[in-house]
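Commentary on secondary and tertiary structure
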Amino acid sequence: MLTAGYIAEKISDFVKSEIKVYPVNNLRASNIGHPCERYLYLLIKHWDEQQPHDEGLQNIFDFGNSVEEYTIKKLKDAGLEIITPTQRSWKVENPFITGREDIRIKDPEDGQLYPAEIKGLSPFEWERLNSIEDFYNSKRYYVRGYPSQLMVYCWKFEKEKGFFILTNKLTGKIKIIEVPFDWDRADALLKKGERIYKALADQSGKTVPAACEDITVCEECAMRHLCSASIERPEMDIDDGELEALIDRKGELAAAYKEYNETNDKIKAAVGDRDKVLAGKYVVTAKNIERKEYVVKARTERRITVTRL
Amino acid sequence: MAENELMTVQDANDALIELDYDNVLALAERADKMVGALNKIMQAALKITNGKDWVLIGGTPYLQETGASKVARLFGISWKICDGYPMKELDKDGYPTYTYRMEFTMHGQTITAEGMRNAADEFFTGKNKKSVDEIDLADVKRAAYTNCLNRGIKGILPGLRNLDVSDLEAAGINIGKTKGYTFKEGSKGGNTGSAEESGLVCSNCGEKISQKVASYSEGKFGRRLCMNCQKAAAKGAIDVTPKEEKQPTRGGRRAQQAPEPEDYPPTPDDDHFPPADYYDDFGGEQ
């Protein structure tokens, strides 16, 4: 009998059947931006032992492919001349990196083809990314790694720029980020590749690239069961004093504090330009005070964030 | 007793022990703080986990890798795979056993935990006993890693052990989302799936019940009851074996609970080997 459960199970079974672990014999433009050199090293050395990604991620990959098709169609419909190099990948030597850009867009003036990478993003991520710096400053390590793809493409094709075509996965809206080729960053990527290949060439296995220090990367790492790096976390102290009670009290006062400030603002507004006002049992006086400008000296501030479990 | 006076106590073997009175008080105070800390750890851990992070085996909740990772993140537990590990040993039939040894550190305290899995386990070979060539050995290795990780995290945070269903429910965890398994007497693990296939019945009315329902009932009522009988038992209409009362202790009720058996989590070599689905929730062991 056809039930919702039956349909969901069929879909789930199909998605799971799509999850595959492929050999990784070299660095790729799509992963050279990964923050952990140890991961990239282990991925090539022990690709067959990596933990397969889960059903959720497979769904994201599949949906990403659909978004890519949608985006390319939109660009073509808009009259842009697009080349989709779907058949053949390319390589760069020293260090050996393979890749295949999503599309190349032709400049209508001089006919030059510029590499472009299409990314389907969540609405929140899409809103956040408006310049190349936003990519580099992203909290998500994989977003920080995106520009590396374009750096490799620009290096390969000797282009001074590339493009990110960002599609909002909720609204379908597309925005374009122009990415100038950054020689320093490209050079750093190439040197990173050289270090990884040097380590792989050491048959003794004693040369192992450094692991990254970002614990969020380690927690999701498909090679974590093979990595000898320490997982170091800041330790948590258990307070046996009055901290919890103080936080509770602050929470209780929050509404009153807000109302206090709002009322203060209303008082200021009510007084307006008047210098002296009688208000029932109060006399309110107001005067203008000139504040001198000053420069806040650089200092280290301690920010305290309270999160409810 | 005067300050700093020595008091004499007698231990179980009638041997006399001399204790400094201040030291005893300090010890008691420290024990109180320790119990308080353990309770706080348990409460915090329960709050950050959800029903899917636990599994009920024979009515007892066990934290799975997803939950253990959340807890490790919260409390800042660090770890490292010890040099020389993972180790691989082959049995006479060529099936490898992978062993991990890892060091876990929190607040300057370091413990070592081991985890191992054998490719010859029925979980990997299936009932038809796959040959070693047919088994994905990377799965076995990752399973050993996960096993070690679980043991280590729970080893360094003892407040996470010896919980029961009511503890989880009291913390607002939705037990309905928790997988549950139990065991048919005399068998090596029950079947998973529906009530029809489980081979388990309500001990009150005889209705067939699923693994999940049976396991929950064991944890809650000490008996395997169907959902209707559980409702009746909750209203007192069915006589259920009262669960062993937890002994009140100084500073908290966790202090005198028995330590978790060393063989946790159960392995296929145990009499009560859980069904394959049990391991589905241990990351990387699908």
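Here, the structure is the one placed above.
These numbers were taken from a predicted model, which means no experiment stands behind them.

Our next topic: the sheet that holds strand β6 (residues 113-121) of chain A. Residues and elements named next belong to chain A. Spatially, β2-β5-β6-β7-β8 is the arrangement adopted by the 5 strands of the open sheet, whose pairing is mixed. Where the open sheet ends on each side, the last strands, each with one partner, are β2 (82-83) and β8 (174-180). Where strand β7 (residues 161-168) meets β8, 7 bridges bridge the pair, whose relative direction is antiparallel. Within β8, the residue paired with Ile165 across the bridge is Ile176. Sheet contacts for helix α3 (residues 55-77): β2, β5 (103-106), β6, β7 and β8; angle to β7, the most-contacted strand, approximately 115°. Across the sheet, helix α6 (residues 141-157) lies against β5, β6, β7 and β8, angled at about 165° from β6, the strand it touches most.

Moving on to empty space enclosed by the protein. Gaps left between atoms show up when a probe the size of a water molecule is rolled over them. Scanning the entire structure with this criterion turns up 4 cavities of 30 Å³ or more. Roughly 160 Å³ of volume is contained in the largest cavity. The set of elements that each furnish at least two residues to the lining of the largest cavity consists of α2 (37-45) and α8 (215-219) of chain A together with β5 (78-81) of chain B. Considered class by class, the residues forming the lining of the largest cavity number 13 nonpolar, 2 polar and 3 charged.

We now examine the environment of Gly94 of chain B. Topologically, Gly94 of chain B is positioned in the loop between β6 (87-90) and β7 (96-106). In sequence terms Gly94 of chain B and Asp133 of chain B are 39 residues apart; their C-alpha atoms lie 9.6 Å from each other.

Before going further, it helps to spend a moment on the sheet that holds strand β4 (residues 60-63) of chain B. All names here are of chain B. On the basis of which strands lie adjacent, the open sheet formed by 3 strands has the order β4-β3-β9 and mixed pairing. Each edge of the open sheet carries a strand with a single partner, namely β4 and β9 (179-181). Going from strand to strand, the sheet's axes swing by 25° on average, the running direction of each strand aside. Against the sheet, helix α7 (residues 211-221) makes contact with β3 (54-57) and β9, and its axis sits at roughly 80° relative to β9, the strand it touches most.

The interface of chain B with chain A comprises 28 residues on the first partner and 24 residues on the second. Summing the contributions of chain B and of chain A, the shared interface buries around 2,200 Å²; its carbon and sulfur component is 54%. Considering only the surface of chain B that becomes buried against chain A, Trp79, His107 and Arg142 of chain B emerge as the three largest contributors, covering 24% of it. With a shortest N-O distance of 3.6 Å, Arg224 of chain A and Glu65 of chain B are connected by a salt bridge. With 7 residues, the single largest contributor to the side of chain B that touches chain A is helix α1 (residues 21-48) of chain B. Its residues assigned to classes, the side of chain B that touches chain A shows 14 nonpolar, 6 polar and 8 charged.

Take the packing of aromatic side chains next. Per the counting criterion, the structure on display carries 12 aromatic pairs over all chains. On the numbers, 4.4 Å between centres and 10° between planes, the contact of Phe135 of chain A with Phe164 of chain A is stacked. A residue pair is termed long-range when its members are at least 10 positions apart, and Phe135 of chain A in helix α5 (residues 132-136) and Phe164 of chain A in strand β7 qualify at 29 residues. Consider the rings of Phe123 of chain B and Phe124 of chain B, whose centres lie 4.9 Å apart with planes at 75°: the pair is edge-to-face. In this structure, Phe123 of chain B and Phe124 of chain B share a single accessibility class: buried. Within the aromatic cluster, the residues linked to one another by ring pairs are Phe135, Tyr141, Tyr142, Tyr146 and Phe164 of chain A.

About the thresholds
- Residues numbered from 1 in each chain as written.
- Chains lettered and ligands numbered in written order.
- Predicted model: local features only at pLDDT ≥ 70, side-chain atom pairs only at ≥ 80, totals over all residues.
- Heavy atoms only, no water.
- Pairing = 2+ DSSP bridges.
- Helix = DSSP H or I, 4+ residues; strand = E, 2+ residues; numbered from the N terminus.
- Contact = heavy atoms within 4.5 Å.
- Axes fitted to C-alpha atoms, helices over the stretch in contact; angles between N-to-C directions.
- 1 Å grid on protein atoms, 1.4 Å probe; cavity = no way out; pocket = protein on both sides within 12 Å on 5 of 7 lines; lining within 4 Å.
- Points joined across faces, edges and corners; volume = space filled by probe spheres on them.
- Nonpolar A, V, L, I, M, F, W, Y, C, P; charged D, E, K, R; others polar.
- Buried area = accessible area lost by both parts, 1.4 Å probe.
- Salt bridge = Lys/Arg side-chain N within 4 Å of Asp/Glu carboxyl O.
- Phe/Tyr/Trp six-rings, centres within 6.5 Å; stacked < 30°, edge-to-face > 60°.
- Buried < 20%, exposed > 50% of the residue type's maximum accessible area, 1.4 Å probe, protein only.

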